[in-house]
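Survey of secondary and tertiary structure
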Amino acid sequence: MKKLQYERPLIQRLNTGLMNKFGMKTEYTPHTHIDEVSVKSLIKEFGSPLFVISEKTIRNTYKEANRAFKTRYPKVQFAWSYKTNYINAVCNVFHQEGSWAEVVSGFEYHKALNNGVPGSKIIFNGPDKSEDDLRAAINNESPIHIDHLDELYHLNELAVEMNKRPKVAIRVNMDTGVYPMWDRFGFNYENGQAWDAINKIILADKLDLVGLHSHIGTFMLSPSAYGVAASKLSDLALGIKKKYKKNILYLDMGGGFASKNTLKGSFLQGVDTNPNFDQFAEAISTAILNAGFGTDELPLLVLETGRALIDDAGYLLGSVISNKRLSDGRRATILDFGVNVMFTSFWYDHKISPAQDFGNYTEDSVLYGPLCMNIDVIREHITLPPLKRNDHVVVHTVGAYNMTQWMQFIALRPAVVMIDMKNKVHLIRKRENLEYLEACEVKPDYLKSFKL
Amino acid sequence: MKIKKNIALSDTGFVFNPASGDSFSVNPIGLEIMKLLQENKSHEVIKKHLLETYSVDKDTIEKDFYDFAKMLEQFKVTESDEKKES
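Keep in mind that this is a model prediction, so the values were computed, not measured. Throughout this description, residue numbers start from 1 for each chain and increase along the sequence as written. Here chains are named by letter from A upward and ligands by number from 1 upward, in the order in which they appear as written. Reporting of local features is limited, given that this is a predicted model, to residues whose pLDDT is at least 70; pairs of side-chain atoms are given and counted only at 80 or more, and all residues count toward the totals for whole chains, interfaces and linings.

**Description of unusual backbone geometry**
Residues and elements named next belong to chain A. In the segment running from Ser-48 into Pro-49, the intervening peptide bond is cis, with an omega of 0 degrees. The omega torsion across Tyr-179 and Pro-180 is -5 degrees, close enough to zero to call that bond cis. The residue Pro-180 is located in the loop between strand E9 (167–173) and strand E10 (187–188) in this model. At Asp-35, a position not held by glycine, the phi torsion is positive, near 50 degrees. For Asn-423, which is not a glycine, the phi torsion comes out positive at approximately 65 degrees. Only DSSP runs of H or I reaching four residues or more are called helices, and only runs of E reaching two or more are called strands; each is numbered from the N terminus. Here Asn-423 is to be found in the loop between strand E20 (415–419) and strand E21 (425–429).

Below you can see the structure in the form of structure tokens.
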């Protein structure tokens, strides 16, 4: 006789008066496949944990964003934010779709060059650009976004020494009515720092001021703040036109658009409440179109959004190591991935689904990672069906920042695969091993041996 | 260990303790265990039955049964055999 499917015995106290108006939130649907590839087969072939990127989702999301902006504004250019996910295969999907590159460090800059992005289409941001980085960017005619006066003066010196006219923009910070105000980057709009920098650039006449840049925050939930930023940048551009008879070629609105993740402490799910591309596009386009530019003088609108373009395309597959009961009776499940590879679990209550069929019964649990560290908590509270050792789970919306901010701490970093448009699986980053980890270490001769 | 006599156990997995007013829900396998406990079946007999009925290994049964029994005890729906004898 065939044995019945086993489910761990469960008993739960029924509480009255504690349920919210949405009822109990439970992941009732098992997530067994990603783009028609089974989770089980992916883990079998590439191990657990495993990051999975859906190329289909990336391209669809990009098209959605592109449509939202291009149907509202005539000149739009996306620049892929490398720091959000700089695995080359991911970057090249965006470049194939037409994205330039936006980088914030020397190694990211060279990654973009190695990927084949022309220098003139790599936007170089960030407060730390070495002299070598700046020289490379000047030689390649990359737009350099100046963050501080020291950089401005340094560029003036390099321009004279190299006998070149670097293409630059200034980063402008401003009050857009949201907290916190990101005033540590660039020059302030309200107190006149931005105008001061513009005057210095134009009057010194060594650099070619081609753009203005702002990046007002991260995981922004208020599209209207972008409207304020676009108005203020437009005001600067029109002021430059009036004062110096010079057209600013592009306004770079940066990134920071929220993805569909749910921030910790949010009452409602991000997927229901976070603004979509149309809302951001409407706020930004309306502000620039109404600013007073002549129709033939409208600047190119550059967007560096990263998170909202890639988050949905990333999944993290993992397995259950063990179940245990905490001292207060709560169920705890230990998974084989933790905050080391899922950095964003510090910010979000990620959606986590079981990857196999289950019954109708669920229980409240805490999800822990495998690290021998108390901070390794994936979800402080989640309602899931009873999971047993070696069961698999799928974490959703992890495409942004996890594959760049992940830590090689206690555990080695997992492999990353991409499922292409025809549902074929490609390994795009190998699982790390001890050899990789020790490749940069140097052991002095006198420490090579010991007796115990 | 056995289920307290006053505990009401429905076939749909609803458990009610009229003395405390507490109510609980159990999943089908939990219900099966509680019913066997009501019938005064020993732990060993119950575990053997589960092993024969479900596709599960002995260690998992051992671990899950221990956990479930502890929860029953914590929710005060059981009484120990010693108490009954005294």
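**A few points about the sheet that holds strand E1 (residues 11–13) of chain A**
Strand pairing within a sheet occurs via backbone hydrogen bonds; the two strands may be parallel or antiparallel. Strands were regarded as paired on the criterion that DSSP finds at least two bridges between them. Across the sheet, which stays open at both edges, the four strands sit in the order E1(A)-E4(B)-E3(B)-E2(B) with antiparallel pairing between neighbours. Looking at which strands have only one partner, the edges of the open sheet turn out to be E1 of chain A together with strand E2 (8–9) of chain B. Taken together, the three bridges between strand E3 (residues 14–16) of chain B and strand E4 (residues 23–26) of chain B define a ladder with antiparallel strand orientation. Residue pairing for E4(B): B:Phe16 is matched across the bridge by B:Ser23.

**With respect to the pairing of strand E15 (residues 331–335) of chain A**
Residues and elements named next belong to chain A. Burial of E15 is one-sided: the residues Arg-331, Thr-333 and Leu-335 facing one way are buried, the residues Ala-332 and Ile-334 facing the other way are not. Counted along the chain from strand E14 (residues 314–325) to the antiparallel partner E15, the turn is five residues long, and its residue Gly-329 has a positive phi close to 95 degrees. In this sheet, strand E17 (residues 363–368) lies alongside E15 in parallel orientation, the contact comprising four bridges. In the strand pairing of E17, Ile-334 is matched with Tyr-368. Residues with at least 20 neighbouring C-beta atoms inside 10 Å of their own are called buried, those with 12 or fewer are called exposed, and the rest are partly exposed, where every C-beta is derived from the backbone.

**Observations regarding the domain arrangement of chain A**
Residues and elements named next belong to chain A. Domain limits in this description derive from either an automatic procedure or a database domain assignment. Each assigned domain of chain A is listed here: domain 1 (34–52 + 328–438) and domain 2 (55–311). Domain 1 and domain 2 are separated by 32 Å when their C-alpha centres are compared. Our contact criterion uses C-beta atoms placed from the backbone: two residues qualify when those atoms are within 7 Å. Each partner contributes to the interface: domain 1 provides 18 residues, whereas domain 2 provides 18 residues. Elements represented by at least two residues in the side of domain 1 that touches domain 2 include exactly helix H12 (402–405), E20 and E21. Examining the composition of the side of domain 1 that touches domain 2, we find that three residues originate from one element, E20, more than from any other. The class makeup of the residues in the side of domain 1 that touches domain 2 is 10 nonpolar, four polar and four charged. The residue classification treats Ala, Val, Leu, Ile, Met, Phe, Trp, Tyr, Cys and Pro as nonpolar and Asp, Glu, Lys and Arg as charged. All others, Gly included, are polar.

**Let's talk about the pairing of E9(A)**
Residues and elements named next belong to chain A. When you tally the buried positions in E9, you get seven out of seven residues, the bulk of the element. The side-chain alternation of E9 yields two buried faces, one formed by Lys-167, Ala-169, Arg-171 and Asn-173 and the other by Val-168, Ile-170 and Val-172. Relative to E9, strand E8 (residues 144–146) runs parallel, the two being bridged by three bridges. Across the sheet, His-145 pairs through a bridge with Ala-169, a residue of E9. Note that the unit made of E8, helix H6 (residues 149–162) and E9 has a crossover that is right-handed. Look down the strands so they point away from you; if going from the first strand over the helix to the second traces a clockwise path, that crossover is right-handed.

**A short note on the packing of helix H2 (residues 55–70) of chain A against helix H3 (residues 88–97) of chain A**
All names here are of chain A. Here the axes come from fitting lines to C-alpha atoms, over the contacting stretch only for helices, and the angles between their N-to-C directions go from 0 to 180 degrees. It is the contact of H2 with H3, at a shortest axis distance of 10 Å, that shows an interaxial angle of 40 degrees. Accordingly, the angle class assigned to the pair H2 and H3 is oblique. Here H2 and H3 pass one another in a crossing that is right-handed. For the pair H2 and H3, the contacting residues are Glu-55, Ile-58, Arg-59 and Tyr-62 in the first and Val-93, Phe-94 and Glu-97 in the second. Classifying every residue of the contact of H2 with H3 gives four nonpolar, no polar and three charged. Between 65 and 115 degrees an angle is taken as roughly perpendicular, under 35 as roughly parallel, over 145 as roughly antiparallel, and anywhere else as oblique. Handedness of a crossing is defined here by the sense of rotation of the near helix relative to the far one, left-handed for an anticlockwise turn of less than a right angle and right-handed for a clockwise turn.

**Some remarks on the interface of chain A and chain B**
Taken together, the 17 residues of chain A in the interface contact 22 residues of chain B. At three residues, the largest contribution of residues to the side of chain A that touches chain B is made by E1(A). Looking at the side of chain A that touches chain B residue by residue, the class counts come to seven nonpolar, four polar and six charged. Bridge count for E1(A) against E4(B) is three bridges, and the pairing is antiparallel. The residue of E4(B) that forms the bridge with A:Ile11 is B:Val26.

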